[in-house]
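Here is how the chains run, residue by residue.
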Amino acid sequence: MNLRQLRYVVATADHGTMTSAAQALYVAQPALSRAVRELERELGLELFARSGRGVVLTPVGEQVVRQARAALDAVDAIEGLAVTRADGRGAELRIAVTASLEPELTGGLIPRFARDQPAVRIRVVRCADRDQISAVLRGGRADLALTDLPVPGDMTAHPFEQREVVLISPPALKVREPVPPAALDGMRLVLPARGSARRAEIDTMLRRIGARPVAAVESDERGAWLGWVRAGRGSLLWYRNQLDDTEGVTVRSFMPPLTRMIGLVHAHRRLPPAARDFLTFAKQTPRDHHAR
């Protein structure tokens, strides 16, 4: 039995379905279901019973959840006692991030935190994709990460903002505004290279809305993407708040909106004081300060 399993059981009890509990925890639903089943096998107890489309606690499950809540409260209290420090002098904070979200970190969160905590040395660990972010967190090479959610079940996620995905296209492109997602079907797009994690995420989103665009350009040269759009090669899906120069392109919203949740993530272990301070700072920072 581990703390992750206990947290998953409590969350499932609170939300009534595996799907809603997974969404609240920002983990994949299969990972949540697997962890709960593993705990039931380990204990030799049936904790949940199906009820309609959801689940309900069995009588013994109710007892386990009561004890789990008490155990988790005790762990939080112990960790609170352990996080003692004099003034944080000489502390180092390592934050992992992908190229697409690095501007969020280095252009906003880090400079503001550094003004409040000048003694903390902050090091940015650049990662190619979310898989690498998970690897550096598991390996202890970073304390925190800024990434798209959801994340694997062995990570703890702290969501703090939705990012709007917009269509950046040549002005000559004729399309209804706001853009219906179905309009992406057959549209020429500038896309990340095949096989990359970012491409996989975009392909998943496109499949979800039933769109099959034409790959006009496939490249991970992010600095060239807007240039290809201006040259009329195709359109681009990108975060609205990361657009600095919109000259020569048209930016259109989708209806219904396309969004991605981003958040700070860490492995299931006690965080150093500087990382805890950064988490608290990020949660308290007004949302418009997260933009670049």
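The written sequence of each chain sets the order in which its residues are numbered from 1. Given that this is a predicted model, residues contribute local features only at a pLDDT of at least 70 and side-chain atom pairs are listed and counted only at 80 or more, while totals for whole chains, interfaces and linings are drawn from all residues. To get the side-chain values, take all heavy atoms of the structure and skip hydrogens and water.

### Some remarks on the pattern of salt bridges
Turning to step 1, where the next piece is worked out: We define a salt bridge as a side-chain nitrogen of Lys or Arg found within 4 Å of a carboxyl oxygen belonging to Asp or Glu. Scanning the model with the defined rule gives 15 salt bridges in all.
Turning to step 2, where the next piece is worked out: One salt bridge in this structure joins Glu 161 and Arg 163, with 3.1 Å as the shortest N-O distance. Across the pair, exposure class does not vary: Glu 161 and Arg 163 are buried alike.
Turning to step 3, where the next piece is worked out: A network of salt bridges, in which partner residues are shared, links Arg 194, Arg 199, Asp 203 and Glu 218. Between buried and exposed lies partly exposed: a residue is buried under 20% and exposed over 50% of the maximum accessible area for its type, with that area taken using a 1.4 Å probe on protein chains only.

### Some details on the nonpolar core
Considering soluble globular proteins, one finds that nonpolar side chains tend to be buried as a cluster.
Turning to step 1, where the next piece is worked out: Membership of the largest hydrophobic core comes to 37 residues, with the highest contact counts inside it found for Leu 93, Leu 105, Leu 144, Leu 167, Leu 184, Leu 237 and Phe 278.
Turning to step 2, where the next piece is worked out: Element by element, the count of residues in this core is highest for helix α9 (residues 273–284), at six residues.
Turning to step 3, where the next piece is worked out: When residues of this core are assigned to domains, at least three map to each of domain 2 (92–161 + 261–284) and domain 3 (162–259).
Turning to step 4, where the next piece is worked out: Leu 184 has contacts with Leu 167, Leu 189, Leu 206, Ile 209, Ala 211, Arg 212, Pro 213, Leu 237 and Phe 254, leaving out every residue within four places of it along the chain.
Turning to step 5, where the next piece is worked out: The definition of a nonpolar core used throughout is a set of buried Ala, Val, Leu, Ile, Met, Phe, Trp, Tyr and Cys residues joined through side-chain atoms within 4.5 Å. Within the second largest apolar cluster, 20 residues are counted, among which are Leu 6, Ala 22, Ala 35 and Leu 47. Note on conventions: DSSP H or I runs of at least 4 residues are helices, E runs of at least 2 residues are strands, and numbering of each starts at the N terminus. The start and end points of each domain follow an automatic or database-based domain assignment. Here, two residues are considered to be in contact whenever any of their heavy atoms come within 4.5 Å of each other.

### What about the confidence of the model for the chain?
Turning to step 1, where the next piece is worked out: For every residue, the predictor reports its confidence as pLDDT, a number between 0 and 100. Predicted confidence across the chain gives a mean pLDDT of 86, with 91% of residues reaching 70 or more.
Turning to step 2, where the next piece is worked out: When the elements of the chain are averaged for pLDDT, helix α2 (residues 18–25) gives the smallest value, 76, and strand β7 (residues 188–191) the largest, 97.
Turning to step 3, where the next piece is worked out: Below a pLDDT of 50 lies the segment residues 83–89, which in the model reaches seven contacts outside its immediate sequence neighbourhood of four places, other chains included.

### As for the packing of helix α1 (residues 3–15) against helix α3 (residues 29–43)
Any two packed helices are characterised by how steeply their axes cross, that is the angle between the axes, and by the distance between the axes.
Turning to step 1, where the next piece is worked out: The convention used is that axes are lines fitted to C-alpha atoms, helices contributing only their stretch in contact, and that angles between N-to-C directions extend from 0 to 180 degrees. At a minimum axis distance of 9 Å, the contact between α1 and α3 shows a crossing angle of 110°. Taken together, the axes of α1 and α3 lie roughly perpendicular to each other. Of α3, the residues touching α1 (which contributes Arg 4, Gln 5, Tyr 8, Val 9 and Thr 12) are Ala 31, Leu 32, Ala 35, Val 36, Glu 38, Leu 39 and Glu 42.
Turning to step 2, where the next piece is worked out: Here the nonpolar group is Ala, Val, Leu, Ile, Met, Phe, Trp, Tyr, Cys and Pro; Asp, Glu, Lys and Arg are the charged ones; every other residue, Gly included, is treated as polar. Taken together, the residues of the contact of α1 with α3 break down into seven nonpolar, two polar and three charged. Note on angle classes: values under 35 degrees are labelled roughly parallel, values over 145 roughly antiparallel, values of 65 to 115 roughly perpendicular, and the remainder oblique.

### Notes on the environment of Phe 254
Turning to step 1, where the next piece is worked out: Of note, Phe 254 is situated in the loop between β10 (250–252) and β11 (258–267).
Turning to step 2, where the next piece is worked out: Taking the relative accessible area as the measure of exposure, Phe 254 reaches 2% and is therefore buried.
Turning to step 3, where the next piece is worked out: In the structure, Phe 254 is positioned 90 residues away from Glu 164 in sequence and 9.0 Å away in space, judged by C-alpha atoms.

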